[in-house]
Every structure is written in C-alpha cells, then in structure tokens.
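# Residue-level structure breakdown
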Amino acid sequence: MLADNIDRQERSLFVAFTVSATFWLLLTTAVGLLMSFKFPYPDLATSPYLSFGRLRAIHTNGTFFGWASLALTGAALYVAARTSGIPLAGRRFAWFSLWCYNIAATLGTVTLDLGMNNGDQEYREWVWWVAAIFLLAVVSAGISTVWTVAKRAEHDIYLSNWYFIGGYIFTTILGVTAALPWYQYGLGQVAVQGFYMHNAVGMWFTFLALGITYYVLPKLLNRPIYSYALGILGFWTNLVFYPVIGAHHFEFTPLPWWFQTLAIVFSVGMLVPVWAGSGNFLLTMRGRWESVRRSLALPFIFFGVLCYFLGSTQGTVEALRSAQAYWHFTNFTIGHSHLTMYGFISFIAWGGIYALLPRVTGRAPSVLVTGMHFWLASLGVGIYVIVLSVAGTLQGVHWIAGDPFIVSVESAQPFWLGRAVAGIMMFAAHVLFAYNVFIMTVGSPERSASLAQPSGAKA
Amino acid sequence: MRNVWVLVGASAGIYGALAFVMGVLPGIVLSHVPATPGLRPLTAEQAAGREVYVSEGCAYCHSQVVRPLAQDKAFGRPSVAGDYVYATPELLSDHRNGPDLTNVGTRQPSDVWNAIHLYEPRALVAGSIMPAYPYLFIVRTKALANETVVPVPAPWGPPGEVVVMGPQAKALIAYIESLKQVPLGARSP
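Residues numbered from 1 in each chain as written. Chains lettered and ligands numbered in written order. Predicted model: local features only at pLDDT ≥ 70, side-chain atom pairs only at ≥ 80, totals over all residues.

## A look at the overall build of chain B
- Per the secondary structure count, chain B includes five helices and three strands.
- Reading the helices (α) and strands (β) of chain B from amino to carboxyl end gives α-α-α-α-β-β-β-α.
- Taken over C-alpha atoms, the radius of gyration comes to 22 Å for chain B, far larger than the 16 Å a tight globule of 189 residues would show.
- In terms of overall dimensions, chain B has C-alpha extents of about 75 × 50 × 35 Å along its principal axes.
- By residue count, 43% of the 189 residues in chain B fall in the buried class. (Helix = DSSP H or I, 4+ residues; strand = E, 2+ residues; numbered from the N terminus. Rg over C-alpha atoms; globule rule 2.2 N^0.38 Å. Buried ≥ 20, exposed ≤ 12 C-beta atoms within 10 Å, placed from the backbone.)

Following this line, the structure appears as structure tokens:
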C-alpha cells in the first residue's frame with residue numbers, strides 16, 4: 001500500500017533526490033577509498049587531479065553536501081508533507097533545490113580538482129559562488145517546507161518539522177556568516193572557521209537526521225515517540241549550546257584562553273541534547289527489539305542512534321584539554337568524524353530511504369542485499385573507527401614521548417592499511433545500496449503489497 | 001507550537017544572535033590584533049607559493065600553529081595572535097600527518113633539499129607518506145640556460161632526463177622557506 005496523498009510528482013521528487021544522492025555517495029566514497037590507499041602507497045596516482053590534497057576536499061564536501069544533504073533533504077521533504085497531512089507545497093522550490101544541490105556538487109567537485117579552493121578551510125572549501133548555489137538549494141528546500149507546514153491540515157507542527165525548519169534556517173545564516181570576508185583576517189578567520197566547521201555539521205546534518213528519525217521510528221514501530229517534551233528540549237538546547245563549541249577545534253592556539261574554555265564548557269553541555277535525543281529514540285524502541293530486528297530500515301536507524309550517542313559523547317570527551325593534548329592533530333579526529341558523519345548521519349539517511357522510499361514507489365529493496373549493506377557498512381565503519389582511534393592514540397603518545405616525527409608515521413602505518421580494508425567494505429556496502437535504490441525505483445516491475453505493515457516485518 | 005512563523009522567527013533570531021556573538025564578533029576583534037614586532041608581509045613570490053600551498057591542500061596534513069605544550073617545542077616557540085596578521089586565508093589546520101611547518105624555514109632552509117623533497121619525498125625520507133609533486137617540476141632531456149636543475153638521486157629521478165624547477169615549485173619553496181618565527185624580543189626568556 002502506498003502512503004496517502006502521494007502523487008506522481010512528489011514520487012519523482014523523492015526518487016530524484018535519492019538517485020542523485022546515491023551518485024554522489026558512490027563517486028565521493030570511491031575518492032575516499034583511493035585516498036585511503038595513498039597512505040600505505042603514497043606514490044599511487046601522482047597526477048595533480050588525483051593528488052591527496054585535492055581529493056581530500058572533494059571527499060569531505062562531496063559526502064557532506066552532495067550525498068548526505070541530498071539524501072536527507074529528499075526524505076525530509078517527504079516527511080514534511082506527510083506530517084502536515086497535505087501534498088508538498090512549493091514544488092517548484094523543491095525541484096529548484098534539487099538542481100542547485102547537484103549543480104553545486106558538480107561545480108564544487110570540478111573546481112576543487114582544478115585546485116581552486118577557499119583556503120583549505122575545512123567543509124567550506126568550495127569557492128564562494130559554488131557555496132552560494134548550495135545555499136540557494138537550502139533556502140529553496142526551506143521555502144517548500146515552511147510553505148507546506150504553514151498550509152498544514154494538522155493542528156500542531158510535528159516535531160520533525162521543527163528540526164527541518166530549524167536546519168534550513170540555521171544553515172542559511174551559517175553559510176552567509178562563513179562567506180562574508182570582512183571579519184576574516186588572520187586569527188579572526190580562525191575564530192570564524194571554528195564556529196563554521198562544527199555548526200555546518202551540528203546545525204545542518206544533525207537537525208535533518210533527527211527530524212527524519214522522529215518520523216520514521218514511531219511510523220515503523222506504530223507507537224508514539226517516548227517523549228515529545230524531550231524532543232523539544234533537544235531542539236532548544238542544541239540550538240543554544242552548539243554555536244558556542246566551535247573553538248574546541250583550536251585548543252592551545254592563540255585564540256583567547258577563556259574563549260576556548262567557554263567552548264569546552266558548552267561541549268560538556270552538549271550531552272544534554274545528545275542524551276535527550278538518543279535516549280528518547282532508544283526508549284521509543286524499548287521492548288520492541290523484535291520489530292527492529294525484523295525490519296529492513298530500523299536496524300539502520302538503531303545503529304545511527306547508537307553512533308549519535310557514542311560519537312557525540314566522544315566529542316565531548318575529546319574537547320577536554322587533557323584529551324586534546326593527546327588526540328589533537330592525530331587520526332583520532334578522523335575516526336570521530338566517521339563515527340558521526342557516517343555512523344550517525346549516513347545510517348539515518350539509509351534508514352530513512354529504506355523506510356520511506358518503498359512507500360512512495362511501491363517497490364521493496366532486496367532483503368539479502370539490504371542485510372549485506374547493513375553488515376558491511378556497520379562492520380566497516382566499526383573497524384574504521386577502531387583502527388584510526390588506535391593509530392591516533394599512538395601518534396599522540398609518540399609525540400609526547402618526544403620521538404622523531406617519522407616514528408609516529410611508521411607506527412600508524414599498519415592501521416592505515418586496516419583503514420583501507422575497512423574502506424573497501426564500506427564502499428562495497430554503497431554499491432549494494434545503489435543496487436537497492438535501482439530496485440526500489442525502476443528495477444523491478446513487481447509491486448509489493450506487504451509494505452503496508454507498519455513494522456516493515458516482511459518485504 | 002501552532003504558528004510556523006513564530007518558529008521561523010525564534011530560530012532565525014536566536015541563531016542569528018549566536019552567529020554574531022560567537023562567529024562575527026570574535027572575527028572582528030581578532031582580525032585587528034597588531035602584528036608581532038619584526039613580522040614582515042610575504043613577497044610577491046612567497047605569496048604565489050602560498051597559493052600553491054592552499055591549492056594543493058598542504059594544510060590537510062601540515063599545521064601552522066605551535067602550542068604551549070612540551071611535545072610542540074621541536075616546532076618552535078608557542079604561536080601568538082600577532083603571528084597571523086599576514087596569514088589569510090588562515091592555515092592553522094588541525095591535522096599533523098606531517099610535521100608542523102610554523103618555523104620550517106629555520107629548520108630546513110636548503111633549496112635543494114626542499115626541491116628534491118617536493119619532487120619525491122621518499123628520495124630523502126624513507127617511510128614518508130607525503131604525496132610526490134612531480135607536476136610542479138619540468139622534466140627535460142637537457143636544462144635550459146636559466147633553469148635550475150634539481151639533483152634527484154637515483155633511482156627516484158627520470159632515467160636519462162633532468163628535473164628542473166617549475167615556477168610553481170620555485171614559488172612554493174620560497175614560501176616554505178619564508179616560514180620563520182620572529183623572536184618575541186623582551187618577552188622571550
């Protein structure tokens with residue numbers, strides 16, 4: 001059975017967002033995989049267009065603003081319309097958003113590969129006019145969402161829409177703040193960069209992913225969310241605490257000491273929204289593990305929630321000065337960013353797509369392939385995070401011991417090979433996901449009737 | 001909540017205010033710190049080299065900030081705010097797959113070493129994972145009169161040909177060698 005109120009155009013929109021997101025996932029994680037082999041084999045592919053320093057920004061910006069942004073926005077637009085009880089409003093804006101995302105990701109990838117970047121500033125490497133096209137996509141999706149919510153048939157604004165509308169607004173303000181040059185000279189730019197890089201993650205991906213989870217979990221489990229109030233608490237505390245923590249990326253630098261301390265204090269404060277959110281989700285799943293296990297989508301959501309809890313709590317611990325003295329500058333940070341952006345964000349995106357796309361197209365993904373996707377991706381990222389955490393700890397210990405720098409490189413080398421193996425597993429999972437997207441959209445003419453079951457028990 | 005415009009207004013207002021206080025305001029204040037006495041702006045060639053540095057993403061593995069921690073002593077004195085007055089875009093970075101470069105011009109001032117190292121790092125440092133940048137150089141059968149030959153040791157050079165400095169390599173090396181901390185004068189012990 002298909003979801004209510006779905007018309008052909010809304011279906012095409014969700015499909016188009018998901019298919020293009022999948023394209024960016026494949027391309028940019030293939031780039032990531034190539035990079036992971038450059039650590040054990042640094043003389044692999046020394047052409048300028050395949051050089052590490054250029055691919056690095058293509059990987060991060062492409063996975064963030066190509067894959068994750070498209071995947072989450074596509075699902076979020078679907079959820080906004082369903083929770084408002086009306087068909088999606090402002091369709092032209094939604095389509096315009098899709099085009100802008102893809103144009104920005106294409107131009108961003110090409111310009112970065114040509115060596116044009118915005119000063120090696122992490123997650124804002126795209127030159128300003130590419131970033132502006134991306135912001136147009138965010139604003140357009142936001143207009144469509146606010147329009148839909150304003151016209152809604154339901155009495156209250158559902159929690160998911162709080163998070164979506166918040167995400168679009170925060171990211172627009174953040175993008176403008178990061179792009180204006182007048183207060184970004186020398187150390188001033190360092191302060192803005194600290195503010196930007198963490199908010200780009202926490203005020204955008206976190207908000208969209210949480211909004212999707214607040215819809216998918218109760219829908220598939222056919223039970224209300226454990227606490228609506230905890231969801232509201234998470235919204236406001238995330239909004240107030242997150243913008244203050246950016247300077248924890250630059251501890252022990254010449255940024256004012258009190259400014260760094262403030263960031264550390266609020267990093268501890270972040271435990272409130274993180275535990276409120278992840279606790280709320282886990283308590284919603286409590287006692288229904290059999291439904292979770294039998295569903296195709298819910299294991300992804302469960303793993304995503306777990307990584308949200310683990311990764312964000314790890315972030316708080318990492319922000320403490322004593323931990324930074326060991327782990328800052330090391331590969332531990334790269335492990336952390338994959339635990340969060342991959343374990344949390346990408347898994348929620350997959351869970352959302354597996355839960356919602358079949359309701360739109362009437363075509364279920366392959367059970368076997370979905371299972372393989374889940375295990376390869378979860379084991380892959382598990383290995384990834386563990387080996388890089390060990391490598392990072394070793395690097396930090398060698399530096400503190402006063403060893404020559406090259407010792408820290410040689411010590412990390414076996415773990416970098418392990419990371420490349422984990423990368424193969426993760427990339428294989430993405431290929432399987434792409435196959436499933438094909439099956440769910442155009443691949444199979446058969447339409448499954450069993451999708452109507454709320455738990456998604458059989459597919 | 002029932003009025004979507006209240007949600008939109010409250011979100012935009014609160015976050016806008018926080019973005020100003022936590023992003024823009026520190027940016028304004030710290031953009032105006034005075035330069036460390038003795039610090040000089042980059043020459044045109046060094047600035048061109050810095051653009052190559054940014055373009056090739058060197059900051060993804062090399063930091064340019066020395067912390068007041070024992071393990072950073074090898075990289076120089078602790079960095080101060082005034083050190084970054086001429087450093088826009090900032091390149092502090094938060095990765096050290098390679099060593100910090102704040103003061104590398106003092107540690108490694110040799111043109112020849114830096115050129116060979118950029119052409120093929122493993123020719124000089126076994127176990128290095130730094131990418132090789134052969135495309136910043138020109139390979140010819142014979143160097144032209146005004147060109148500088150890079151003595152790449154066997155077996156790392158192109159057999160039967162010579163490696164000469166390209167304009168980008170020249171600029172990048174000028175920039176790398178310009179990375180020297182100025183002493184803090186009276187304040188330094």
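Let us keep going from here.
## Re the overall build of chain A
- From N to C terminus, chain A includes 15 helices and zero strands.
- At 21 Å, chain A has a C-alpha radius of gyration in line with the 23 Å of a compact globule built from 459 residues.
- The dimensions of chain A, computed from C-alpha atoms along their principal axes, are 65 × 45 × 40 Å.
- Looking at chain A residue by residue over its 459 residues, the buried ones come to 59%.
- At a minimum sequence separation of 6, the contacts of chain A that also span at least 24 residues come to 84%. (Contact = placed C-beta atoms within 7 Å.)

## Description of the domain arrangement of chain A
Residues and elements named next belong to chain A.
- Taken domain by domain, chain A holds domain 1 (1-157), domain 2 (164-197 + 210-221 + 224-287) and domain 3 (310-459).
- Centre-to-centre, using C-alpha coordinates, domain 1 lies 20 Å away from domain 2.
- Facing the 20 residues of domain 1 at the interface are 15 residues of domain 2.
- When residues of the side of domain 1 that touches domain 2 are traced back to their parent elements, those giving at least two are helix H2 (52-84) and helix H4 (128-150). (Domains from an automatic or database assignment.)

## Remarks on the nonpolar core
- Of all hydrophobic cores here, the largest spans 188 residues; its most connected members are Leu72(A), Phe134(A), Leu208(A), Ile212(A), Tyr119(B) and Leu172(B).
- Element by element, the count of residues in this core is highest for helix H6 (residues 187-221) of chain A, at 22 residues. (Core = buried A, V, L, I, M, F, W, Y, C linked by C-beta atoms within 7 Å.)

## Some thoughts on the interface of chain B and chain A
- Contact residues are listed per partner, giving 57 residues for chain B and 64 residues for chain A.
- Elements with a contribution of two residues or more to the side of chain B that touches chain A: helix H1 (4-30) and helix H2 (44-55) of chain B.
- For the side of chain B that touches chain A, the element with the highest residue contribution is H1(B), accounting for 17 residues.
- A breakdown of the residues in the side of chain B that touches chain A according to their chemical character gives 38 nonpolar, 13 polar and six charged. (Nonpolar A, V, L, I, M, F, W, Y, C, P; charged D, E, K, R; others polar.)

## Some details on the environment of Arg286(A)
Residues and elements named next belong to chain A.
- By secondary structure assignment, the location of Arg286 is in the loop between helix H9 (271-285) and helix H10 (289-294).
- The exposed category is assigned to Arg286, around which 10 C-beta atoms lie within 10 Å.
- It is 40 Å that separates the C-alpha atoms of Arg286 and Ile58, two residues lying 228 residues apart in sequence.

## Things to note about the sheet that holds strand S3 (residues 162-165) of chain B
All names here are of chain B.
- A sheet is described by the order of its strands in space; here three strands give the open sequence S1-S3-S2, paired in antiparallel fashion. Each edge of the open sheet carries a strand with a single partner, namely strand S1 (137-140) and strand S2 (149-150).
- Direction of pairing for S2 relative to S3: antiparallel, over a ladder of two bridges. Note that in S3 the partner of Val149 across the bridge is Val164. (Pairing = 2+ DSSP bridges.)

## Describing the domain arrangement of chain B
- One can read the domain layout of chain B as domain 1 (1-32) and domain 2 (42-184).
- The straight-line distance from the C-alpha centre of domain 1 of chain B to that of domain 2 of chain B is 40 Å.

## Examining H2(B)
- The end-to-end C-alpha separation of H2(B) is 17 Å, in line with the 16 Å expected for 12 residues at 1.5 Å each.
- Among the residues of H2(B), Gln46(B), Gly49(B), Arg50(B), Val52(B), Tyr53(B), Val54(B) and Ser55(B) are the ones counted as buried. (Expected span 1.5 Å × (residues − 1).)

## Notes on unusual backbone geometry
- In this chain, Thr88(B) is followed by Pro89(B) through a cis amide linkage whose omega measures -5 degrees.
- On the secondary structure map, Pro89(B) appears in the loop between H2 and helix H3 (104-107).
- In this model, Ala154(B) is joined to Pro155(B) through a cis peptide bond whose omega is 0 degrees.
- Here Pro155(B) is to be found in the loop between S2 and S3.
- For Ala45(A), which is not glycine, the phi torsion reads 55 degrees and is therefore positive.
- Note that Ala45(A) resides in the loop between helix H1 (8-38) and H2.

## What about the packing of H1(A) against H2(A)?
Residues and elements named next belong to chain A.
- At their nearest, the axes of H1 and H2 sit 8 Å apart, and the two run at 155 degrees to each other. Accordingly, the angle class assigned to the pair H1 and H2 is roughly antiparallel. Viewed along their axes, H1 and H2 form a crossing whose handedness is left-handed.
- Residues that form the contact of H1 with H2 fall into these classes: 19 nonpolar, 11 polar and three charged. (Axes fitted to C-alpha atoms, helices over the stretch in contact; angles between N-to-C directions. Parallel < 35°, antiparallel > 145°, perpendicular 65-115°, else oblique. Left-handed = near helix turned anticlockwise from the far one by under 90°.)

## Regarding the packing of helix H5 (residues 159-179) of chain A against helix H7 (residues 228-241) of chain A
All names here are of chain A.
- Closest axis-to-axis distance for the H5/H7 pair is 10 Å, and the angle between their directions is 10 degrees. It follows that H5 is roughly parallel to H7 by the angle criterion. Where H5 approaches H7, its residues Leu159, Trp162, Tyr163 and Gly166 are matched on the opposing element by Tyr228, Gly231, Phe235 and Leu239.

## Re the confidence of the model for chain B
Residues and elements named next belong to chain B.
- For chain B, the average pLDDT comes to 95, and 97% of its residues sit at 70 or higher.
- Mean pLDDT values for the elements of chain B range from 95 in S1 up to 98 in H2.
- In the model output, the complex is listed with pTM 0.95 alongside ipTM 0.94. (pLDDT = per-residue confidence, 0-100.)

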